[in-house]
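Architecture at a glance
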Amino acid sequence: MSLKIQATCRALQKQLAAKETESRRLRTTHLILEHAFLDAQYFSKKEQYLLEKVLHLCKGTSSEISVYQELEKLEKERHYFQQQLLIGEEELKQIRLNVRFEQQQLEQTYIQLRNENQI
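Residues numbered from 1 in each chain as written. Predicted model: local features only at pLDDT ≥ 70, side-chain atom pairs only at ≥ 80, totals over all residues. Heavy atoms only, no water.

Attention now goes to the packing of aromatic side chains. Applying the stated criterion across every chain, the model contains one aromatic pair. On the numbers, 5.1 Å between centres and 75° between planes, the contact of tyrosine 42 with phenylalanine 43 is edge-to-face. Judged by its relative accessible area of 48%, tyrosine 42 is partly exposed. (Phe/Tyr/Trp six-rings, centres within 6.5 Å; stacked < 30°, edge-to-face > 60°. Buried < 20%, exposed > 50% of the residue type's maximum accessible area, 1.4 Å probe, protein only.)

Here it is in structure tokens:
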């Protein structure tokens, strides 16, 4: 195998290693997003539960309206957060697919180069 081919193979190996590192980083980011979503859901439900308890305690008082407003605000915030998270998750999924495709292309190029030059 010529020096030029060896250098090309080394460069492809480095690119593959970089893509693998990027792929691992994206997987980690995806897991972090999933945990953030679960945590947000948990705390949102907890807050809603507490507000509903407060609402029950202040039935018939002047505070009842403000508690209803807080519950509506909480629902809007939860909906907005879920929308943004879904958008981010879709973007991350697309990036992961692109990285995986690039990685597969590099692997194919590397294998083809090695096979062509072993003859």
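When you line up the elements, glutamine 103 lands in helix α2 (residues 64–116). A polar contact is formed between the side chain of glutamine 103 and the side chain of arginine 100, at a distance of 3.0 Å. (Helix = DSSP H or I, 4+ residues; strand = E, 2+ residues; numbered from the N terminus. Polar contact = N/O pair within 3.5 Å; in protein donor to acceptor, adjacent residues only side chain to side chain.)

What follows deals with the nonpolar core. Judged by nonpolar contacts, Ile5, Cys9, Leu12, Leu16, Leu106, Tyr110 and Leu113 together constitute the single largest core of seven residues. Counting residues per element, the ones that place at least two in this core are α1 (3–57) and α2. Looking at this core, the element that brings in the most residues is α1, giving four residues. Judged by nonpolar contacts, the second largest core, of six residues, contains Leu55, Val67, Leu71 and Leu74. (Core = buried A, V, L, I, M, F, W, Y, C linked by side-chain atoms within 4.5 Å.)

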